[in-house]
Amino acid sequence: MKFHKEGYTSLAIVVLFIFIINAIAHYYNAGPIVKWIIYIASAFLLITIIQFFRSPKKTIQLDEGVILCPADGKVVVIEETEETEYLKDRRIQVSIFMSPVNVHVNRNPISGIVTFFKYHPGKFLVAWHPKSSTDNERTTVVVKNKSGVEVLFRQIAGAMARRIVWYVKEGQDVQQGEEFGFIKFGSRVDLFLPLDAKINVNIGDKVTGGKTIIARF
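Residues numbered from 1 in each chain as written. Predicted model: local features only at pLDDT ≥ 70, side-chain atom pairs only at ≥ 80, totals over all residues. Heavy atoms only, no water.

Enquirer: Is there a simple way to think about the side chain of Asn108 in this case?
Expert: Locating Asn108 in the fold gives a position in the loop between strand E6 (105–107) and strand E7 (112–120). On the basis of relative accessible area, Asn108 is assigned to the buried category, the value being 2%. A polar contact is formed between the side chain of Asn108 and the backbone oxygen of Gln175, at a distance of 3.2 Å. Not counting residues within four places of it along the chain, the set of residues in contact with Asn108 comprises Phe153, Val174, Gln175, Gln176, Gly177, Glu178, Glu179 and Phe180. (Helix = DSSP H or I, 4+ residues; strand = E, 2+ residues; numbered from the N terminus. Buried < 20%, exposed > 50% of the residue type's maximum accessible area, 1.4 Å probe, protein only. Polar contact = N/O pair within 3.5 Å; in protein donor to acceptor, adjacent residues only side chain to side chain. Contact = heavy atoms within 4.5 Å.)

Enquirer: Looking at this structure, how should I read the sheet that holds strand E5 (residues 89–98)?
Expert: Taken together, eight strands build an open sheet; the order of strands is E11-E7-E8-E9-E13-E5-E4-E15 and the sheet is antiparallel. Taken across any chain shown, the strands that pair with only one partner, and hence form the sheet edges, are strand E11 (173–174) and strand E15 (206–207). (Pairing = 2+ DSSP bridges.)

Enquirer: Whenever I open this one, the pattern of salt bridges confuses me. Can you help?
Expert: Two side chains carrying opposite charge are able to pair once their charged atoms lie near each other. What the rule picks out here adds up to eight salt bridges. The shortest N-O distance in the salt bridge between Glu80 and Arg90 comes to 3.3 Å. Here Glu80, found in strand E4 (residues 73–83), pairs with Arg90, found in strand E5; they are ten residues apart in sequence, far enough to count as distant. Using a relative accessible area of 48% as the deciding quantity, one classes Glu80 as partly exposed. With a shortest N-O distance of 2.7 Å, Arg154 and Glu83 are connected by a salt bridge. Here Glu83 lies in strand E4 and Arg154 lies in strand E9 (residues 150–157), a separation of 71 residues in the sequence. Accessibility classification places Arg154 together with Glu83 in one group, the buried group. Members of the salt-bridge network, linked through shared partners, are Glu80, Glu82 and Arg90. (Salt bridge = Lys/Arg side-chain N within 4 Å of Asp/Glu carboxyl O.)

Printed below as a string of structure tokens:
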């Protein structure tokens, strides 16, 4: 287990805040009850930040015949829909909701070349809102594998998630299971898969990024 680089600033701010609050309590000689409340709150805040930005080490089993889960969380949508931004055809959408307690590292579902990338500024509707896929702040990434099949996936900010981070660009070669981004404080990732993909999960399933097989080609 390691601490993700995206959490360094947040951790520094929390540690500074904890130091100041505890220093003030000692300077004004707060009573023992007040001090214990501050100690407990400080420990809770520190543990929360460390837990949120944790990044477990994973051994990825590469398989060109499968689409790996891009994020830890719960499957909340499996439906046929029209993808209108890039693919402009019918696709199977699989959406994964990431709660604040999940690992928030995002991983490439397949290996290949990034054929499209775009960042969209937008709103911060709750991640399960029907319009969050089109109205919220988000990124769209498309990767084409060596067989010529393209898979589109989106990072979608939620009501709490106020920062999306990505590490990919058009023309880049990416490997299945590698990190392609990070979303802070609760969010969602959508996958748009070919209609003939064999879905391997059900709504309500808890899934793990880089481990769970979402579908097979």
